[in-house]
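Chain residues, written in single-letter form:
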Amino acid sequence: MNHDEPWVVSDPSYDADQLNPKLKFAYWEGHRDFAYDLLQFVRPERLVELGSQYGCSLFTFCQAVRDFKLSTEINAVDMWSGDIGAEMSGEEVYALVQKTAATYYPEVKLHLFQMRFDQALPDFADESIDILHIDGGHTFEDVERDFTTWLPKLKENGIVLFHDVYSPIDQGSCDHWEKTKKEYDCYFDFTHSCGLGVLFPKGRYWYDKLEAAGFFKYYKDLYFYRSKYKYTQARFDELKGLYEERYLAIEQQSKMIDERDARIAADEKLVAEKDAAIEAQAKLIDERDRSLNEAHKIAEERLGIVQQQGNIILTLQQQNAEYEAIIKRHWMSRLEFRRKYGEKK
């Protein structure tokens, strides 16, 4: 084996974040850039990961294999049974992992083993793994069992990655790393993002190559500060997104309020117009009533005149009757006189 490649610091983006943005805030997130560049440097033939869950580390490896066009075979072993109190069930998480792999990394030789770690052991020959990533159970006994049972599967000069070696909540994995560092000469670690231990248990080849490439002198600490910067930037972007969403919500709410006020103003205008129409109609009714009253008064006055004139006519008729009776009596008297005495000549 001969390797004279320089260590190259990349600035990758991780496509898996598009389907699961929470990967940007996973415990493993701070080690993604280092792992990405490590695969470019080592170019392993086979990588096995014990414990994947949502796939923060898994899809970091897949991103590197795809971007650098590596032939690396990636194997992930996990029960995907879900965490206690987790937002998603184990099957939902597993379905999301499968969807992410199919969407962004179809060309990567990725194998998912939904089983216990010990059940997957027969699928791998001894000394067939270049990089082993252990991130399963975090008790001392869990880590010790995973390490000792899978160590025979590691090639000569293979690399083992241990996560949670400086975890504030998983003391067992921290204690195991302290024990392991005393038993092996070649290792280094990162203390951020719950810690990542890098062990060279079967030869110092890659450790020496890293040292020769200036990794420990120039680049190792860079990943610590870079992870802090990226995490802060991701949080800022998240808060910015939340602010923009809230601003848009407030703007939309203001628009709804303006529309509501416009509707209220329109309704008030309609009410005012209706009130004005009712008032005008009431005025017309009052005027009509006054006209009717005046017409009724005139009618009564005219009726009185008609009745008065009727009385006059009746009186005149009575007088005429009396006059006719008088005249008739008068003419009868003359006739009777003539008949009795004769007409004087």
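Source: prediction; values computed, not measured. (Residues numbered from 1 in each chain as written. Predicted model: local features only at pLDDT ≥ 70, side-chain atom pairs only at ≥ 80, totals over all residues. Heavy atoms only, no water.)

## A look at the sheet that holds strand E5 (residues 154–163)
Line of reasoning, step 1. One open sheet holds the 7 strands; their spatial order is E3-E2-E1-E4-E5-E7-E6, and the pairing between them is mixed. Taken across any chain shown, the strands that pair with only one partner, and hence form the sheet edges, are strand E3 (109–113) and strand E6 (187–190). Within the sheet, the average angular offset between the axes of one strand and its neighbour, ignoring direction, is 15 degrees.
Line of reasoning, step 2. Bridging between E6 and strand E7 (residues 196–199) involves 4 bridges; their strand directions are antiparallel. (Pairing = 2+ DSSP bridges. Helix = DSSP H or I, 4+ residues; strand = E, 2+ residues; numbered from the N terminus. Axes fitted to C-alpha atoms, helices over the stretch in contact; angles between N-to-C directions.)

## Some points on helix H4 (residues 90–104)
Line of reasoning, step 1. Under the 1.5 Å per step criterion, the end-to-end length of H4 is 21 Å for 15 residues, consistent within 8% with the ideal 21 Å.
Line of reasoning, step 2. Listed as buried for H4 are Gly90, Val93, Tyr94, Leu96, Val97, Thr100, Ala101 and Tyr104. The buried residues of H4 occupy an angular sector of 160 degrees when projected down its axis, which confines them to one face. Residues of H4 that are exposed and point more than 90 degrees away from the buried face comprise Glu91 and Ala102.
Line of reasoning, step 3. Each element contacted by the buried residues of H4 is listed here: helix H1 (16–19), helix H3 (56–67) and E3. (Expected span 1.5 Å × (residues − 1). Buried < 20%, exposed > 50% of the residue type's maximum accessible area, 1.4 Å probe, protein only. Arc of directions from axis to C-beta. Contact = heavy atoms within 4.5 Å.)

## Description of the packing of helix H6 (residues 140–150) against helix H7 (residues 171–183)
To describe two helices that pack against each other, one gives the angle between their axes and the distance between the axes.
Line of reasoning, step 1. Where H6 contacts H7, the two axes come as close as 7 Å, and the packing angle between them is 50 degrees. The angle between H6 and H7 falls in the class oblique. Across from Phe140, Val143, Glu144 and Phe147 in H6, the residues of H7 making contact are Gly172, Ser173, Asp175, His176 and Lys179.
Line of reasoning, step 2. Among the residues forming the contact of H6 with H7, the class breakdown is 3 nonpolar, 3 polar and 3 charged. (Parallel < 35°, antiparallel > 145°, perpendicular 65-115°, else oblique. Nonpolar A, V, L, I, M, F, W, Y, C, P; charged D, E, K, R; others polar.)

## Here we look at the nonpolar core
Line of reasoning, step 1. Phe34, Ile74, Phe188 and Phe200 are the most contacted members of the largest nonpolar core, which totals 48 residues.
Line of reasoning, step 2. Residue contacts for Phe34: discarding those within four places in its chain leaves Trp7, Phe188, Phe190, Leu196, Val198, Phe215 and Tyr223. (Core = buried A, V, L, I, M, F, W, Y, C linked by side-chain atoms within 4.5 Å.)

## Observations concerning empty space enclosed by the protein
Unoccupied space between atoms shows up once a probe the size of one water molecule is rolled over them.
Line of reasoning, step 1. Enumeration according to the criterion identifies 1 cavity of 30 Å³ or more in this entry.
Line of reasoning, step 2. Of the voids in this model, the largest cavity is the one considered here, and its volume is about 30 Å³.
Line of reasoning, step 3. Lining the largest cavity are Tyr14, Ala16, Asp17, Leu23, Arg32, Cys56, Phe59, Thr60 and Tyr105.
Line of reasoning, step 4. Sorting the residues of the lining of the largest cavity by element identifies H1 and H3 as the ones contributing at least two each.
Line of reasoning, step 5. Top contributing element to the lining of the largest cavity by residue count: H3, with 3 residues.
Line of reasoning, step 6. Per-class residue counts for the lining of the largest cavity are 6 nonpolar, 1 polar and 2 charged. (1 Å grid on protein atoms, 1.4 Å probe; cavity = no way out; pocket = protein on both sides within 12 Å on 5 of 7 lines; lining within 4 Å. Points joined across faces, edges and corners; volume = space filled by probe spheres on them.)

## Regarding the packing of aromatic side chains
Line of reasoning, step 1. Tallying each qualifying case throughout the model produces 32 aromatic pairs.
Line of reasoning, step 2. Ring centres 5.9 Å apart and planes at 75 degrees place the aromatic pair Phe34 and Tyr223 in the edge-to-face group. Note that Phe34 is positioned in helix H2 (residues 32–42) and Tyr223 in helix H9 (residues 215–341), a separation of 189 residues in sequence.
Line of reasoning, step 3. When the centroid spacing of 5.0 Å and the interplanar angle of 75 degrees are considered together, the rings of Phe224 and Tyr225 count as edge-to-face.
Line of reasoning, step 4. Three or more aromatic residues link up through ring pairs in this structure, and these residues are Trp7, Phe34, Phe41, Phe188, Phe190, Phe200, Tyr205, Trp206, Tyr207, Phe215, Phe216 and Tyr223. (Phe/Tyr/Trp six-rings, centres within 6.5 Å; stacked < 30°, edge-to-face > 60°.)

The analysis is restricted to geometry; functional conclusions fall outside its scope.
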